[in-house]
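Breakdown of the fold
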Amino acid sequence: MSATSVSKTSKGICLIILSAFCFACMNVCVRLSGDLPSIQKSFFRNFIAMLFAFAILKKEHASFQIEKQHLPYLVLRSVFGTLGILCNFYAVDHLLVADASILNKLSPFFAIIFSFFLLKEKIRPFQAVCVLLAFLGCICIVKPGFTNVSVLPACIGVMGGMSAGIAYTIVRLLGTRGVKGPFIVFFFSAFSCLVTLPWLLFHYTPMSGAQLGFLLLAGLFAAGGQFTITAAYTYAPAREISIYDYSQIVFATLLGLILFGEIPDLLSFAGYGCIILGSLMMFLYNRNH
């Protein structure tokens, strides 16, 4: 490997770790914004992202025209993306920040499953083992049973990861058809704002200045995370740097401990280990194949 290649990989690693930190901070800001409806939090998060994406498209003099054959997939990506954010924000409000973060990181495994159905991509036996390991970790975190009062928000967190997995699969499909990333982000953010706006108008919960500030910060961190992870993959392929995205769990655990005094139990740590191990195995497999 050349020095230039190593340098680009190093930049990609630094950017993806920065992205993980931004997304962990986004979840913390969502929690700090207090007892507000998830839909209201989602609106402000996506409104900021929409402004960022709009600015990039205007700077690049990109067209906002939508080709008819792409519209159904853009709508589907937006529907599942919005559902994923709503579920993730609900989970962040009702679970440990680290638990909610790792459940959202199930999306790559769901993407493998839905790629089989939507893109007709075969699931190799090794990939199936990694997916099963991830779901074992999921069970450790959710701890299903009638004695676990957090089982509902945990299941909603899993649903958020599944929705994000479907959305990412459709993003990949759109990418193969030549639709640009910033336009996908803009369409999704605008769609999400339009969908949640009627609810916001009729069920708006008054916010303090601090709550509004934390939601705007959540939007800024979300935009920062989105653009740094996009930049990371321009420097190095996913097979070389994707595993570093799981540094978000480290950041989420530390921030949860410092700000909220949250300490995950042993089963949760075992679940983190299973999911990260499954990701590491997938990372090494993709790198070698």
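Residues numbered from 1 in each chain as written. Predicted model: local features only at pLDDT ≥ 70, side-chain atom pairs only at ≥ 80, totals over all residues. Heavy atoms only, no water.

As for the overall build of the chain
- Within the chain one finds twelve helices and zero strands.
- Start at the N end of the chain and walk to the C end: the helices and strands fall as α-α-α-α-α-α-α-α-α-α-α-α.
- Dimensions of the chain, computed from C-alpha atoms along their principal axes, come out at roughly 55 × 55 × 40 Å.
- Counting across all 289 residues of the chain, residues that qualify as buried make up 48%.
- If you take every contact in the chain between residues at least 6 apart in sequence, the share linking residues at least 24 apart comes to 88%.
- Surface accessibility of the chain: about 14,200 Å² in total, with carbon and sulfur atoms responsible for 71%.
- Each charge sign in the chain was given a centre, from 19 positive and 10 negative side chains, and these centres are 11 Å apart. (Helix = DSSP H or I, 4+ residues; strand = E, 2+ residues; numbered from the N terminus. Buried < 20%, exposed > 50% of the residue type's maximum accessible area, 1.4 Å probe, protein only. Contact = heavy atoms within 4.5 Å. Areas by Shrake-Rupley, 256 points an atom, 1.4 Å probe, with all protein chains shown as cover. Lys, Arg positive; Asp, Glu negative; His and termini not counted. Charge placed at Lys NZ, Arg CZ, Asp CG, Glu CD.)

Observations concerning helix H9 (residues 209-235)
- Given a rise of 1.5 Å per residue, 27 residues ought to cover 39 Å, and the 39 Å separating the end C-alpha atoms of H9 matches this to within 8%.
- Regarding H9, the residues found buried are Gln211, Leu215, Ala218, Gly219, Ala222, Ala223, Gly225, Thr228, Ile229 and Ala232. (Expected span 1.5 Å × (residues − 1).)

Here we look at the packing of helix H2 (residues 38-59) against helix H3 (residues 71-94)
- For the pair H2 and H3, the least separation of the axes is 9 Å and the interaxial angle reads 120°. Regarding the angle of H2 to H3, the classification is oblique. For the pair H2 and H3, the crossing hand works out as right-handed. Packed against H2, whose contacting residues are Ser38, Ile39, Lys41, Ser42, Arg45 and Asn46, the element H3 presents Ile85, Leu86, Phe89, Tyr90 and Asp93 at the interface. (Axes fitted to C-alpha atoms, helices over the stretch in contact; angles between N-to-C directions. Parallel < 35°, antiparallel > 145°, perpendicular 65-115°, else oblique. Left-handed = near helix turned anticlockwise from the far one by under 90°.)

Digging into the packing of aromatic side chains
- Evaluated as defined, the whole model comprises eleven aromatic pairs.
- Consider the rings of Phe43 and Phe47, whose centres lie 6.0 Å apart with planes at 15°: the pair is stacked. Pair noted here: Phe43 and Phe47 are both in helix H2, with a separation of four residues, about one helical turn.
- The partly exposed category is assigned to Phe47, whose relative accessible area is 33%. (Phe/Tyr/Trp six-rings, centres within 6.5 Å; stacked < 30°, edge-to-face > 60°.)

A short note on the side chain of Thr169
- Positionally, Thr169 belongs in helix H7 (residues 151-176).
- Thr169 has contacts with Ala111, Phe114, Ser115, Leu118 and Leu119, leaving out every residue within four places of it along the chain.

Side note on the nonpolar core
- Counting residues in each nonpolar core, the largest one holds 56 residues, and the members touching the most others are Ile102, Leu103, Leu106, Phe109, Val158, Tyr246 and Ile275.
- Those residues in contact with Phe109 that sit more than four places away from it in its chain are Cys130, Val131, Ala134, Tyr246, Ile275, Gly278, Ser279 and Met282.
- Phe43, Phe44, Cys193 and Leu200 belong to the second-largest nonpolar core, a separate cluster that totals seven residues. (Core = buried A, V, L, I, M, F, W, Y, C linked by side-chain atoms within 4.5 Å.)

Quick word on unusual backbone geometry
- The backbone phi angle of His61 is positive, close to 55°, even though this residue is not glycine.
- By the element assignment, His61 lies in the loop between H2 and H3.
- Here His61 falls in the exposed class, since its relative accessible area comes to 73%.

Structural notes on the pattern of salt bridges
- Tallying each qualifying case throughout the model produces three salt bridges.
- Where Arg31 meets Glu262, a salt bridge forms, and the shortest distance between an N and an O atom there is 2.7 Å. Of this pair, Arg31 sits in helix H1 (residues 3-32) while Glu262 sits in the loop between helix H11 (247-260) and helix H12 (266-288), and the two are 231 residues apart along the sequence. Considered together, Arg31 and Glu262 belong to a single accessibility category, that of buried residues. (Salt bridge = Lys/Arg side-chain N within 4 Å of Asp/Glu carboxyl O.)

Section: a nonpolar patch on the surface
- On the surface, Leu32, Val250, Leu254, Leu257, Ile258, Leu259 and Ile263 cluster together into a nonpolar patch covering about 670 Å² of accessible area.
- It is H11 that contributes the most residues to the nonpolar patch, five residues altogether.
- Topologically, Leu259 is positioned in helix H11.
- For Leu259, a relative accessible area of 44% translates into the label partly exposed. (Patch = residues over 30% accessible without salt bridge, like charges linked within 9 Å, V, L, I, M, F, W, Y side chains within 5 Å.)

A closer look at the confidence of the model for the chain
- The share of residues in the chain with pLDDT of 70 or more is 94%, and the mean pLDDT across the chain is 86.
- At the level of individual helices and strands, the chain shows its lowest average pLDDT in helix H10 (residues 238-241), which scores 68, and its highest in H3, which scores 93. (pLDDT = per-residue confidence, 0-100.)

Regarding the environment of Ser208
- With respect to the element layout, Ser208 can be found in the loop between helix H8 (181-203) and H9.
- By relative accessible area, which is 36% here, Ser208 ends up partly exposed.

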